[in-house]
Structure formats: C-alpha cells, structure tokens
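# Architecture and fold: a report
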Amino acid sequence: MESFEAAYIAGIIDGEGTITLTRIHASEHRRPCITIASTDKELLVYIHTLTGGTIINKKNYKPGIHKNSFSLNIKQKEQVMFVLKQVSPYLRVDKKRNRALWILDNYERVTPRNGKYDVEKLRQKILLF
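A brief look at the structure comes next. (Residues numbered from 1 in each chain as written. Predicted model: local features only at pLDDT ≥ 70, side-chain atom pairs only at ≥ 80, totals over all residues. Heavy atoms only, no water.)

Before going further, it helps to examine a nonpolar patch on the surface. Together, F4, Y8 and Y46 make up a nonpolar patch on the protein surface, roughly 330 Å² of accessible area in all. Here F4 lies in helix α1 (residues 3-16). (Patch = residues over 30% accessible without salt bridge, like charges linked within 9 Å, V, L, I, M, F, W, Y side chains within 5 Å. Areas by Shrake-Rupley, 256 points an atom, 1.4 Å probe, with all protein chains shown as cover. Salt bridge = Lys/Arg side-chain N within 4 Å of Asp/Glu carboxyl O. Helix = DSSP H or I, 4+ residues; strand = E, 2+ residues; numbered from the N terminus.)

Set out below in structure tokens:
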C-alpha cells in the first residue's frame, strides 16, 4: 500500500469507519475489527482491493427514502494489523488514532498465536479488555 493510499483510507476511516474490539462469536475473546460503512459501493470495492475484508449489503428498510448501503468489514487479524500499521500515522480523529495505536501496542502481547491461553496470559487478556 502506497503512503497516499494509506492516507486516503485513514481519511475514510476517520469519517465513516470504526476501529473496535469485537466478539465474532459469544464464546470468543474480543478481536480487532475495522468497519467502513458507505452508500458508495465503488469506494468500498477500491478499499477492499487494498485491504481485504468482506463487503456486505445492509438491509434497506425504506428503499423509497434511503439509498442502499454497504459495509466493508475487516476482521482477519493479519489484515487488521496490516491496515492499522499503514493508516495510523494519518488518522486525525484522536479517539480512532489512540485506539489503533493501543491495538497495535497491546493486542499481540496478550494473544498467543495458537489461541491457547495459560492462566497468566488469560488474566492479562481479561484485564486488558
């Protein structure tokens, strides 16, 4: 990803995106996730080519009034960490920049690669979130 592309994506995340720690399944620990919502599917397709993830169609309950909307979800840990490393220097919204930097600094430290936690790692993970 070129620096101008990272800066562009950071602007989109600042305006229309979220950087969160979420549970995909109820029994799992929280994991990082980047979501960008838009009514412009072409924009999301472009970002998808640079970042990966999945584009989903959101249900339009009032098609006569509202435009169709879409959401790009990046949930795979390697993709999320790659995107955060690339865009974090360009994020301007303090809350999102701080959350991105926090995830980059802390998530790998308390998450074993194989997903198996010993007692101490599990305690650190629970305290972190």
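A separate point is the packing of α1 against helix α2 (residues 41-51). The geometry of α1 relative to α2 is characterised by a closest axis approach of 11 Å and an angle of 130° between their N-to-C directions. By the angle class used here, α1 and α2 are oblique. Handedness of the α1/α2 crossing: left-handed. Residues E5, Y8, I9 and I12 of α1 form the contact with α2, whose participating residues are L43, Y46, I47, L50 and T51. Here the residues of the contact of α1 with α2 are counted per class, giving 7 nonpolar, 1 polar and 1 charged. (Axes fitted to C-alpha atoms, helices over the stretch in contact; angles between N-to-C directions. Parallel < 35°, antiparallel > 145°, perpendicular 65-115°, else oblique. Left-handed = near helix turned anticlockwise from the far one by under 90°. Contact = heavy atoms within 4.5 Å. Nonpolar A, V, L, I, M, F, W, Y, C, P; charged D, E, K, R; others polar.)

Quick look at the pairing of strand β1 (residues 17-22) now. Residues of β1 alternate between two faces, with G17, I19 and L21 buried on one and T18, T20 and T22 left unburied on the opposite face. Where β1 meets strand β2 (residues 31-38), 6 bridges bridge the pair, whose relative direction is antiparallel. If you follow T18 over to β2, its bridge partner there is T35. (Buried < 20%, exposed > 50% of the residue type's maximum accessible area, 1.4 Å probe, protein only. Pairing = 2+ DSSP bridges.)

This part takes up the environment of S38. Residue position: S38 is located in strand β2. Using a relative accessible area of 14% as the deciding quantity, one classes S38 as buried. If near-sequence neighbours (up to four positions away) are discounted, S38 is found in contact with L43, L44, S69 and F70. Within the structure, S38 has its side chain in polar contact with the backbone nitrogen of D40 (distance 2.9 Å). (Polar contact = N/O pair within 3.5 Å; in protein donor to acceptor, adjacent residues only side chain to side chain.)

The next subject is the sheet that holds strand β4 (residues 70-74). In space, the 4 strands of this open sheet follow the order β1-β2-β4-β3, with antiparallel pairing throughout. With partners counted over all chains shown, the strands left at the sheet margins are β1 and β3 (54-57), one partner each. Strand-to-strand twist across the sheet, computed as the mean angle between neighbouring axes with direction ignored, equals 25°. In this structure, β2 lies alongside β4, joined through 5 bridges in antiparallel fashion. Pairing of S38 across the sheet is with F70, part of β4. Sheet strands touched by α2: β2, β3 and β4. Its angle to β4, the strand with the most contacts, is close to 10°.

Relative to the assigned elements, T35 resides in strand β2. Using a relative accessible area of 18% as the deciding quantity, one classes T35 as buried. In terms of polar contacts, T35 uses its side chain to reach the side chain of N73, at 3.4 Å. If near-sequence neighbours (up to four positions away) are discounted, T35 is found in contact with E16, G17, T18, S71, L72 and N73.

Our next topic: α2. The periodicity of an α-helix, 3.6 residues per turn, causes residues three or four positions apart to be oriented the same way. Listing the buried residues of α2 in full gives L43, L44, I47 and T51. All buried residues of α2 project into a common sector of 90° when viewed along the axis, lining one side. In α2, the exposed residues that point more than 90 degrees away from the buried face are E42 and T49. In this fold, the buried residues of α2 make contact with α1, β2, β3, β4 and α3 (77-87). (Arc of directions from axis to C-beta.)

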